[in-house]
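# Coordinates in review
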Amino acid sequence: MEPKVPSKARRVLSIVFNVVFYFIIAVLFIFSIANIQVRKENNIANIFGIGMLSVQSDSMHGTFDTGDMLFVEMLDDESRQDIKVDDIVTYFDRGLHEFITHRVVEVNLDEDYIVTQADYNYIDNNNVTSPDDSIPLSEAIAVYTDAHIVGFGRSLDYLQSPTGFAICVILPVVIFLIIEGVILARNIMAVNKNKLEEQFAADKETALKDLEAEKEKMRAEILAELKKQKPE
C-alpha cells in the first residue's frame, strides 16, 4: 500500500504556518530579552532600535496624551549630537524614578547638556509651564518619531507587568509549542503507520508465497505417495 501524499495546498499551508509560528516565537523572544534588559538598566523596551513607550501624563497634551503608546528611536553617542530644539526626547528622571518625555527647548553641545519643557500644565489645565532641570546629553535615551497609537499605552503597561507578560508572552509561546508538538507527533505517527502498513503488506505477500510453496510441496508429496501405492 502506497503512503498517502499530502496535497499541494496542505503543504503550502504547513509551510505558511511554520513561517508564522517561528516569526511569532522570534518576536516574542526578542521582546522578552528587551524587557529583561529594561528592568536591569531602566531603559526602554525596543526592537531593532525602535522603542515603545507608554504615556503616563498629559504633559504633552496636543501632541499625545495619557494612555497613548509612543514609538521612539533609541539614541547613541553619535545620534545625540543631532538633537535639536523642538525635538521631543525621553530620559529617566532619577529623582522621580520615571521616564520623562518632553520637548527640547535648549541644546548646549559645548557644555554637553540639554533642557526640556512640557507643552501643557495638566494640573492647572493651561499652557503655562516651566523648563525642567537641565540633564547631561548622555542621559537622553530616545527621541520621539512623531508616531504613536492612541490608547495603546495601557496595553503596553499591562504587557510589561508580570501578569501581562505571563499571559501575553509566555502563554502564547507555550501554546504554540504544544501545537507544534502535536503536529510533529501526528506526522511521526502517520509516517510510522505508513511504514507499518508497508511492512504488513510485505509480510502478507511473503506469507502467501510461503503458503503456496508449502501447498505445492504437500501436493508433490501426496502425488509421490500415490504413485508408490499404485499397483503395477
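Residues numbered from 1 in each chain as written. Predicted model: local features only at pLDDT ≥ 70, side-chain atom pairs only at ≥ 80, totals over all residues. Heavy atoms only, no water.

## Things to note about the environment of Ile44
Basically, it comes down to this: What counts as a helix is a DSSP run of H or I of at least four residues, what counts as a strand is a run of E of at least two, and both are numbered from the N terminus.
Among the structural elements, Ile44 can be located in the loop between α1 (8-41) and β1 (46-47). For the pair formed by Ile44 and Phe92, sequence separation is 48 residues and the distance between their alpha carbons is 9.6 Å.

## Observations concerning the confidence of the model for the chain
Low-pLDDT portions of the prediction should not be read for the details of their coordinates. Which entries qualify depends on this criterion: Residue-level confidence of the predictor is summarised by pLDDT, bounded by 0 at the bottom and 100 at the top. Two residues qualify as a contact provided that any one of their heavy atoms is within 4.5 Å of a heavy atom in the partner residue.
The predicted model of the chain has a mean per-residue pLDDT of 81, with 87% of residues at 70 or higher. By mean pLDDT, the top-scoring element of the chain is strand β6 (residues 113-117) (96), and the lowest-scoring one is α1 (67). Confidence drops under a pLDDT of 50 for residues 1-5, and excluding neighbours within four residues, the segment shows seven contacts in the predicted structure.

## Description of the pattern of salt bridges
So the rule is basically this: Should a side-chain nitrogen of Lys or Arg be within 4 Å of a carboxyl oxygen of Asp or Glu, the pair is scored as a salt bridge. Burial here depends on accessible area, computed with a 1.4 Å probe over protein chains only, as a share of the maximum for the residue type. Under 20% is buried, over 50% is exposed, and the range in between is partly exposed.
Scanning the entire structure with this criterion turns up six salt bridges. Ionic pairing is found between Arg103 and Asp86, a salt bridge with its closest N-O pair at 3.2 Å. Remark: Asp86 occurs in the loop between α2 (77-80) and β4 (88-93) and Arg103 occurs in strand β5 (residues 98-108); sequence separation between them is 17 residues. A salt bridge links Asp119 to Arg103, with the shortest nitrogen-to-oxygen separation between them at 2.7 Å. With a gap of 16 residues between them, Asp119 in the loop between β6 and β7 (135-136) and Arg103 in strand β5 connect regions that are remote in the sequence. By relative accessible area, which is 17% here, Arg103 ends up buried.

## Some words on a negative patch on the surface
For clarity, the threshold we go by: The patches reported here contain residues having more than 30% relative accessible area and no salt bridge. Joining distances are 9 Å for like charges and 5 Å for nonpolar side chains (Val, Leu, Ile, Met, Phe, Trp, Tyr). Computed with a 1.4 Å probe, the accessible areas rest on the Shrake-Rupley method; for each residue, only the protein chains presented here act as cover. Under the counting rule used here, the positive set is Lys and Arg, the negative set is Asp and Glu, and His together with the chain ends is not counted. Charge placement uses NZ in Lys and CZ in Arg. For Asp and Glu, CG and CD serve respectively.
A grouping of Glu73, Asp76, Glu78 and Asp82 is seen on the molecular surface, where their side chains present a negatively charged patch. Along the polypeptide, Asp82 turns up in the loop between α2 and β4.

## What to know about unusual backbone geometry
Backbone geometry places His97, a non-glycine residue, at a positive phi of 55°. Residues other than glycine seldom take positive phi values, yet Asn125 does so here, at roughly 55°. Residue position: Asn125 is located in the loop between β6 and β7.

## A look at the nonpolar core
Cut-off, in case you're wondering: What we call a nonpolar core is a set of buried Ala, Val, Leu, Ile, Met, Phe, Trp, Tyr and Cys residues that are connected through their side-chain atoms within 4.5 Å.
The biggest cluster of nonpolar side chains holds 13 residues, and the ones touching the most others in it are Ile44, Phe64, Leu70, Ile141 and Ala142. Elements supplying a minimum of two residues to this core: β3 (69-74), β4 and β8 (140-149). By size, the runner-up hydrophobic cluster in this structure holds eleven residues, among which are Ile83, Val104, Ile114 and Val143.

## What to know about the pairing of β4
So the rule is basically this: We treat two strands as partners when DSSP finds at least two bridges between them.
In terms of residue burial, β4 counts as a mostly covered element, since five of its six residues are buried. Here β4 pairs with β5 via six bridges, running antiparallel. By the bridge assignment for β5, Ile88 is matched with Arg103. Hairpin connection between β4 and β5: a loop of four residues separates the two successive antiparallel strands, and His97 in this loop has a positive phi of roughly 55°. Relative to β8, β4 is paired through three bridges, and the arrangement is antiparallel. Directly across from Val89, in β8, lies its bridge partner Val143.

## What to know about a nonpolar patch on the surface
There is a patch of nonpolar side chains on the surface, built from Tyr158, Ile167, Leu171, Ile175, Ile179 and Ile183 and spanning about 480 Å² of accessible area. Among the elements that line the nonpolar patch, the one with the most residues is helix α4 (residues 162-229), at five residues. Among the structural elements, Ile183 can be located in helix α4. Residue class for Ile183 comes out partly exposed when judged on its relative accessible area of 32%.

## Notes on the sheet that holds strand β2 (residues 50-54)
Read from one edge of the open sheet, eight strands run β1-β2-β3-β8-β4-β5-β6-β7, paired in antiparallel fashion. The open sheet terminates on both sides in strands that have one partner only, identified here as β1 and β7. As paired strands, β5 and β6 are joined by five bridges and run antiparallel to one another. Considered in β6, the bridge of Val104 is made with Thr116.

## Section: the side chain of Thr90
Stated formally: Within 3.5 Å is the distance limit for a polar contact, defined as a pair of N or O atoms, with the added protein rule that one can donate a hydrogen and the other accept it, and that residues adjacent in sequence qualify only through two side-chain atoms.
Here Thr90 shows up in strand β4. Exposure remark for Thr90: the relative accessible area of 0% places this residue in the buried category. Among the polar contacts listed, one links the side chain of Thr90 to the side chain of Thr101, at a separation of 2.8 Å. Setting aside chain neighbours within four positions, we find Thr90 in contact with Ile44, Leu53, Val72, Phe99, Ile100, Thr101, Glu139, Ala140, Ile141 and Ala142.

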